[in-house]
Amino acid sequence: MRIFDLKAGASTRRVRIFLAEKLLQIPIVEVDLAAGENLRPEFLSKNPMGRMPVLELDDGTFLSESVAICRYVEEELQPEPNLFGSAPRERAEIEMWNRRMEFGLMIPIMTGFEHLSPFWKGKRIQHGPVGEQARQVALERMAWLDDELSGREFIAGSRYTVADITAQCALVLGKNTGVPIDAKFSNLTRWFKEVSSRPTARA
Ligand SMILES: N[C@@H](CCC(=O)N[C@@H](CS)C(=O)NCC(=O)O)C(=O)O
């Protein structure tokens, strides 16, 4: 088993943190994005989307999509500590929050990055106003999340789950690409400090 990874990526970081929380070590193969390695036929045969992370299983098959990989890890490789929930109601709550963090926070931050950063110039179609609007949405979602976090310690309740990992990775990307958490969002700042101080945060 091995993971095709991109050190600086948000979705790849999500899987690395998830594995670290499970105390699992899976060999990593770093894909050279700058050299376009992910767009070569050899990589596309693993994931036709040309994206990382990709988990190669011992039977030679491949799984992509970070959440799918995390689910496989929890259900097949290492159930504990449980990060997707146990009882149906808890699983549904965590799923709800994980989707909110992915669609509401991660995607706007990624969209802003893709449309505004010189890094993607010539590699992606870029429309500045689309990027600006996405950043505005991300800031609005941060304000909303700040309110939400006034009443609880973590994103989906009183313990750290996959929803925290998704939000944490989205906000690390935001911090590195021009949409940091505004200090006036004291609850969000408190939460981000807490999750960033976990031993797994630098995975
Ligand atoms: N929805 C996918 C997103 C995968 C994704 O966008 N991965 C980034 C790195 S974190 C990537 O491979 N980017 C390369 C590119 O866009 O060319 C997931 O959750 O795994």
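Residues numbered from 1 in each chain as written. Predicted model: local features only at pLDDT ≥ 70, side-chain atom pairs only at ≥ 80, totals over all residues. Heavy atoms only, no water.

Trainee: For this particular structure, what's the right way to read the environment of Ile-165?
Mentor: Examined against the element boundaries, Ile-165 turns out to sit in helix H6 (residues 162–176). Look at Ile-165 and you get buried, because its relative accessible area is 0%. The spatial distance from the C-alpha of Ile-165 to the C-alpha of Glu-93 is 15 Å, given a sequence separation of 72 residues. In this structure Ile-165 touches Arg-14, Ile-17, Phe-18, Glu-21, Leu-83 and Tyr-160, once residues within four positions along its chain are discounted. (Helix = DSSP H or I, 4+ residues; strand = E, 2+ residues; numbered from the N terminus. Buried < 20%, exposed > 50% of the residue type's maximum accessible area, 1.4 Å probe, protein only. Contact = heavy atoms within 4.5 Å.)

Trainee: Which parts of the structure should I look at to understand the sheet that holds strand E3 (residues 54–56)?
Mentor: The strands making up a sheet are joined through hydrogen bonds of the backbone, oriented either antiparallel or parallel. An order of E2-E1-E3-E4 is seen for the 4 strands of this open sheet, with the pairing classed as mixed. Strands at the two margins of the open sheet, each flanked by one partner only, are strand E2 (28–30) and strand E4 (62–64). Going from strand to strand, the sheet's axes swing by 25° on average, the running direction of each strand aside. Against the sheet, helix H3 (residues 66–77) contacts E3 and E4, and its axis sits at roughly 120° relative to E4. (Pairing = 2+ DSSP bridges. Axes fitted to C-alpha atoms, helices over the stretch in contact; angles between N-to-C directions.)

Trainee: I'm lost on the pattern of salt bridges in this one. Help?
Mentor: Opposite charge on two side chains permits pairing when their charged atoms draw close. One pass over the full model with this rule turns up 12 salt bridges. A salt bridge links Arg-16 to Asp-5, with the shortest nitrogen-to-oxygen separation between them at 3.0 Å. Taken as a pair, Arg-16 in helix H1 (residues 10–21) and Asp-5 in strand E1 (residues 2–5) lie far apart in primary sequence, 11 residues in all. Residue classification places Asp-5 among the buried residues on the basis of a relative accessible area of 2%. (Salt bridge = Lys/Arg side-chain N within 4 Å of Asp/Glu carboxyl O.)

Trainee: Just checking my understanding: could you explain unusual backbone geometry for this structure?
Mentor: Excluding glycine, most residues fall at negative phi; most peptide bonds, likewise, are trans. Cis rather than trans, the peptide bond between Met-52 and Pro-53 has omega equal to 5°. By the element assignment, Pro-53 lies in the loop between helix H2 (41–44) and E3. Here Glu-80 and Pro-81 are connected by a cis peptide whose omega angle stands at -10°. Relative to the elements of secondary structure, Pro-81 occurs in the loop between H3 and helix H4 (88–116). Even without glycine at this site, Leu-23 takes up a positive phi of about 60°. Along the chain, Leu-23 falls in the loop between H1 and E2. Owing to a relative accessible area of 77%, Leu-23 belongs among the exposed residues under this scheme. One non-glycine residue, Glu-65, adopts positive backbone phi at about 75°. Relative to the helices and strands, Glu-65 is located in the loop between E4 and H3. By relative accessible area, which is 52% here, Glu-65 ends up exposed.

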